[in-house]
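Single-letter residue listing:
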Amino acid sequence: SSRRSLLKAKAMDLITSVAILPLLVGCVGIFSLFKLLQRMHMKAYLQDAVVVITGATSGLGRECAKVFYAAGAKLVLCGRNREALEELTRELAAPSATKAQTYKPYAVTFDLADPGAIVAATAEILQCFGHVDILVNNAGISYRGTITDTTVDVDKRVMETNYFGPVALTKALLPSMIERRQGHVVVISSIQGKISIPFRSAYAASKHATQAFFDCLRAEVEQHEIEVTVISPGYIHTNLSRNAITADGSRYGAMDETTAQGRNPADVAKDVLSAVGKKKKDVILADLLPFLAVYLRTLAPGLFFGLMASRARKERKSKDS
Ligand SMILES: NC(=O)C1=CN([C@@H]2O[C@H](COP(=O)(O)OP(=O)(O)OC[C@H]3O[C@@H](n4cnc5c(N)ncnc54)[C@H](OP(=O)(O)O)[C@@H]3O)[C@@H](O)[C@H]2O)C=CC1
Ligand SMILES: CCCCCCCCCCCCCCCC(=O)OCC(=O)COP(=O)(O)O
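Residues numbered from 1 in each chain as written. Chains lettered and ligands numbered in written order. Predicted model: local features only at pLDDT ≥ 70, side-chain atom pairs only at ≥ 80, totals over all residues. Heavy atoms only, no water.

Asker: So what about the packing of helix α2 (residues 59-70) against helix α3 (residues 82-93)? Which residues, and what values?
Answerer: Packing of α2 against α3 brings their axes to within 11 Å, and their N-to-C directions diverge by 35°. The handedness of the crossing between α2 and α3 is right-handed. Every residue of α3 that contacts α2 at Arg62, Ala65, Lys66 and Tyr69 is listed here: Ala84, Glu87, Leu88, Glu91, Leu92 and Ala93. Taken together, the residues of the contact of α2 with α3 break down into six nonpolar, no polar and four charged. (Axes fitted to C-alpha atoms, helices over the stretch in contact; angles between N-to-C directions. Helix = DSSP H or I, 4+ residues; strand = E, 2+ residues; numbered from the N terminus. Left-handed = near helix turned anticlockwise from the far one by under 90°. Contact = heavy atoms within 4.5 Å. Nonpolar A, V, L, I, M, F, W, Y, C, P; charged D, E, K, R; others polar.)

The structure is reproduced here in structure tokens:
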């Protein structure tokens, strides 16, 4: 009887391996096919798409310009510094390995903190290629300071650049997207649009407002076939901390260690391209700790606020010593 049960066990092994193997092969095959179709769809979506990128003069915006250009997008590059935009255009025109058909970008210069300039810029943007398919609201400034020392003018400046500017530009471009029943609004927010850390009040507030506004927009424009993607990166190695403003409105001017140790902007730009190509709705591009912090804020707010208070105490102490 022991021989019979051994045979039975062997037969069972054979049956399960015969059944599991094709199942595994099938799953891998379906997954690969799904990935291939996704890549093909992404390629078709980005090739010839008219993409407007704000803050294209440096950092993440500049790298986004490179990846969207290489994907065959028709770019409208925005920033305040015309020379930097022209230099980028020359760099993009240099021979590269891309197989996609590429197009010479247009440059539109305007200050996002100036509502009048946004109206004029919108007309110029729409004239470049006749319409806009994808708007990447990337431009932004950061801030460092204590709430008690910071003038309300500084709060407003950060809000104007990071929140009212993108909101005004989006509102100005939306009617033409709605009319075509086609469009995609992307916004580069921050992990600080989901959690608030000490000495970043104006910046975190502007990014929380951004998250809220574009979440509302997503729901409202779904009926017009318009996509909305909110991207929340963690630290990136750019000039963000150097360009940050302080409590009295002066430039911070230093490269913080957190920024210096941040992700390579070229890698983040690839993730942005992928999120846009896949029409993702909300994406966090950060390391494990900030990622967990977002969940801690929701699941155990008391603990999160305690950690932030201790962070504030430590930072104040290290500044005083
Ligand atoms: N670096 C980081 O750690 C992180 C960055 N982010 C976000 O990424 C985005 C890009 O920042 P990043 O590349 O890091 O920083 P950079 O300082 O390198 O780039 C900021 C860009 O925004 C533009 N800009 C700033 N103010 C204005 C304005 N008033 N009008 C028009 N353009 C303006 C700048 O253009 P100009 O040449 O005119 O100054 C520049 O191109 C920002 O929204 C930032 O909040 C999010 C998470 C982390
Ligand atoms: C279950 C365990 C959870 C542990 C959580 C511990 C909490 C740790 C706090 C981590 C804080 C991360 C802050 C990340 C901030 C960030 O990435 O900001 C991106 C920016 O926008 C950077 O701008 P800045 O001007 O501040 O350089």
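Asker: Quick rundown of the packing of aromatic side chains? Include the residues and the values.
Answerer: All told, the structure shown has six aromatic pairs when counted by the stated rule. Arranged with centres 4.9 Å apart and planes meeting at 70°, the rings of Tyr163 and Phe164 form a pair that is edge-to-face. Judged by relative accessible area, Tyr163 falls into the buried class, the value being 16%. Among the residues examined, Phe164 registers a relative accessible area of 48% and is labelled partly exposed. Taking 5.5 Å as the distance between ring centres and 45° as the angle between the ring planes, the aromatic pair formed by Phe291 and Tyr295 counts as tilted. Here Tyr295 and Phe291 lie together in helix α9 (residues 288-299), a separation of four residues that amounts to about one turn. (Phe/Tyr/Trp six-rings, centres within 6.5 Å; stacked < 30°, edge-to-face > 60°. Buried < 20%, exposed > 50% of the residue type's maximum accessible area, 1.4 Å probe, protein only.)

Asker: I'd like to hear about a nonpolar patch on the surface, residue by residue, with values.
Answerer: On the surface, Leu33, Leu36, Leu37 and Met40 cluster together into a nonpolar patch covering about 390 Å² of accessible area. Along the chain, Leu37 falls in helix α1 (residues 2-46). Judged by its relative accessible area of 49%, Leu37 falls in the partly exposed class. (Patch = residues over 30% accessible without salt bridge, like charges linked within 9 Å, V, L, I, M, F, W, Y side chains within 5 Å. Areas by Shrake-Rupley, 256 points an atom, 1.4 Å probe, with all protein chains shown as cover. Salt bridge = Lys/Arg side-chain N within 4 Å of Asp/Glu carboxyl O.)

Asker: I'd like a description of the site of ligand 2, backed by residues and values.
Answerer: Contacts to ligand 2 come from 18 residues, most closely from Ser142, Arg144, Ser190, Arg200 and Tyr203. Side-chain polar atom of Arg144 to an oxygen atom of ligand 2: 2.8 Å apart, as the coordinates give it. Contact between ligand 2 and Gln192: an oxygen atom at 2.9 Å from a side-chain N or O atom of the residue. Compared with its free state, where it exposes 730 Å², ligand 2 has 83% of that area covered by protein. Put simply, the parts of the chain that give the shell around ligand 2 at least two residues each are α9 and α10 (301-320). Residue composition of the shell around ligand 2, by class: 10 nonpolar, five polar and three charged. (Near = heavy atom within 4 Å. Polar contact = N/O pair within 3.5 Å; in protein donor to acceptor, adjacent residues only side chain to side chain.)

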